[in-house]
Amino acid sequence: MQRIRLRYTKRGRLRFTSHRDFQRAFERALRRAEVPMAYSAGFTPHPKVSYANAAPTGVGSEAEYLEIALAEARKPEKLRLLLDESLPGGLDVVDAVEARTSGLAERLEASVWQLRLDGVERADAEKAVAAFLAAEAVEVQRMTKNGVRSFDARGAVTRLEVVDPQVAAGHGDGFEQGADRPGPAPCAILRLVVRHLTPAVRPDDVLSGLRAVADLAPPVPAAVTRLAQGPLDEETGTVTDPLAPDRDAATVPEGSA
């Protein structure tokens, strides 16, 4: 049984699809592309697909990951093209590698997020970011299925900065297809790196923290996009490619150490 790992995106209007909607669309794409899937055992067999740390509904992403198991071997790049053609535009399969190592989910240690705050002056965003980073802890609240829960939003954030909108454009930050590019009105762009901890700290939690420490309240909801997720380099604070170990393993000759 061959395992293939895929990276896909959620862009434009497709950012509003739920994870369940994507699952249905992806399983239809597998059938259209005639992918020789391996199936689970039992009374209701289903294709073996493993999803890893999906982004919330309404959030764009350049770095979603999943793994599929095949009953027959296929070339990863050819499979990627077939699946990409079978999915609607915005749900784009952009990378594929054969799984040659274990623990993809465990490699997703952190995410890089970008938040577009329309109606917010850059100077105000910089003051709020400075106040957030200076705090030892920033307690926020979130409604869960078990009621309101309080937790620290500061500890999971390893980097938070204000970036130039022109630099941000073109990095998959919500400016897809030119529809959402910032105009003459104020617009602040935040970029943050967040560890995947328990409880998970989401971009909206960080926004709640900025409101708590500096009264930063954008007049319209923020446009949020995940730019990357993967292993966190502790020295540089950057998030690296989680598929790199599989690519590296594919280049090692068989029988070598």
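See the structure printed just above.
One structure accompanies this document, and this report is about it.

About the cut-offs
Residues numbered from 1 in each chain as written. Predicted model: local features only at pLDDT ≥ 70, side-chain atom pairs only at ≥ 80, totals over all residues. Heavy atoms only, no water. Salt bridge = Lys/Arg side-chain N within 4 Å of Asp/Glu carboxyl O. Buried < 20%, exposed > 50% of the residue type's maximum accessible area, 1.4 Å probe, protein only. 1 Å grid on protein atoms, 1.4 Å probe; cavity = no way out; pocket = protein on both sides within 12 Å on 5 of 7 lines; lining within 4 Å. Points joined across faces, edges and corners; volume = space filled by probe spheres on them. Helix = DSSP H or I, 4+ residues; strand = E, 2+ residues; numbered from the N terminus. Axes fitted to C-alpha atoms, helices over the stretch in contact; angles between N-to-C directions. Parallel < 35°, antiparallel > 145°, perpendicular 65-115°, else oblique. Contact = heavy atoms within 4.5 Å. Nonpolar A, V, L, I, M, F, W, Y, C, P; charged D, E, K, R; others polar. Phe/Tyr/Trp six-rings, centres within 6.5 Å; stacked < 30°, edge-to-face > 60°.

### A word on the pattern of salt bridges
- Inspection of the entire model under this criterion finds 18 salt bridges.
- Glutamate 72 is the partner of arginine 74 in a salt bridge, and the nearest nitrogen-oxygen pair spans 3.3 Å.
- Residue classification places arginine 74 among the partly exposed residues on the basis of a relative accessible area of 35%.
- Residue class for glutamate 72 comes out partly exposed when judged on its relative accessible area of 45%.
- Among the salt bridges present, the one from arginine 100 reaches glutamate 98, with a minimum N-O distance of 3.3 Å.
- A residue is classified by how much of its surface remains accessible, and arginine 100, at 47% relative accessible area, is partly exposed.
- Salt bridges here are not isolated pairs; linked through shared partners, they connect Arg3, Arg5, Glu67, Arg107 and Asp246.

### Remarks on empty space enclosed by the protein
- Going through the model one piece at a time under the given rule, you end up with one cavity of 30 Å³ or more.
- If you add up the space inside the largest cavity, you get close to 40 Å³.
- Looking at the largest cavity, the residues that line it are Tyr8, Lys10, Thr17, Ser18, His19, Phe22, Ala54, Ala55 and Glu64.
- Of all elements in the fold, only strand S1 (2–10) and helix H1 (19–32) reach the threshold of two or more residues within the lining of the largest cavity.

### A look at the packing of helix H4 (residues 122–134) against helix H6 (residues 203–214)
- Running from amino to carboxyl end, H4 crosses H6 at an angle of 95 degrees, the nearest separation of the two axes being 9 Å. On the basis of the axis angle, H4 is roughly perpendicular to H6. Contact residues: H4 offers Ala128, Val129, Ala131 and Phe132, while H6 offers Val206, Gly209, Leu210, Val213 and Ala214.
- Grouping the constituent residues of the contact of H4 with H6 by class yields eight nonpolar, one polar and no charged.

### Quick notes on the packing of aromatic side chains
- Applying the stated criterion across every chain yields a total of three aromatic pairs.
- The interplanar angle of 20 degrees and the centroid separation of 5.7 Å between the aromatic rings of phenylalanine 22 and phenylalanine 26 together place this pair among those described as stacked. Remark: phenylalanine 26 and phenylalanine 22 occur in helix H1; sequence separation between them is four residues, near one turn of the helix.
- Among the aromatic residues, those joined into a cluster by ring pairs are Tyr8, Phe22, Phe26 and Tyr51.

Functional significance is not addressed by these values, which are geometric in nature.
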